[in-house]
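Residue strings, one per chain:
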Amino acid sequence: MPVTATIMNSTTGQPIQKLTFGRMPKPWASFTLESGELVTADRVDVGKPAPGKVVVPVSVWVTPKK
């Protein structure tokens, strides 16, 4: 089951983009952003689903070099 995560900027706290992973991303995962930049996850936050929902919010925090 694919996991859609929000990629967050650790420096500014702003969302960068949405990205779909084949499985839950690991905290040391490396991936490429839409801008072509290779980043490594700093941390992965898994939230609680909204009442009556099944989808769990996932945030992957990265520190881009730009």
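So, here's what we can say about the structure. Note that this is a predicted model, so its numbers are computed, not measured. (Residues numbered from 1 in each chain as written. Predicted model: local features only at pLDDT ≥ 70, side-chain atom pairs only at ≥ 80, totals over all residues. Heavy atoms only, no water.)

## Digging into the pairing of strand 5 (residues 58-62)
Extensive coverage of strand 5 is indicated by the burial of 4 of its 5 residues. Alignment of strand 4 (residues 38-46) against strand 5, held across 5 bridges, turns out to be antiparallel. Directly across from R43, in strand 5, lies its bridge partner W61. (Buried < 20%, exposed > 50% of the residue type's maximum accessible area, 1.4 Å probe, protein only. Helix = DSSP H or I, 4+ residues; strand = E, 2+ residues; numbered from the N terminus. Pairing = 2+ DSSP bridges.)

## Here's the deal with the packing of aromatic side chains
To describe a pair of aromatic rings, you give the distance between the ring centres and the angle between the ring planes. Using the criterion set out here, one finds 1 aromatic pair in the structure. Each ring, one from F21 and one from F31, has its centre 5.4 Å from the other, and the planes form 80°; the classification is edge-to-face. One end of the pair, F21, is in strand 2 (residues 15-21); the other, F31, is in strand 3 (residues 30-32), with 10 residues separating them in the sequence. With relative accessibility at 13%, the residue F21 sits in the buried group. Judged by relative accessible area, which is 9%, F31 ranks as buried. (Phe/Tyr/Trp six-rings, centres within 6.5 Å; stacked < 30°, edge-to-face > 60°.)

## Remarks on the pattern of salt bridges
In the structure shown here, the tally under the stated rule is 1 salt bridge. Of the charged contacts, one joins D45 and R43 as a salt bridge, the two residues approaching to 3.3 Å between their closest N and O atoms. Residue class for R43 comes out partly exposed when judged on its relative accessible area of 40%. (Salt bridge = Lys/Arg side-chain N within 4 Å of Asp/Glu carboxyl O.)

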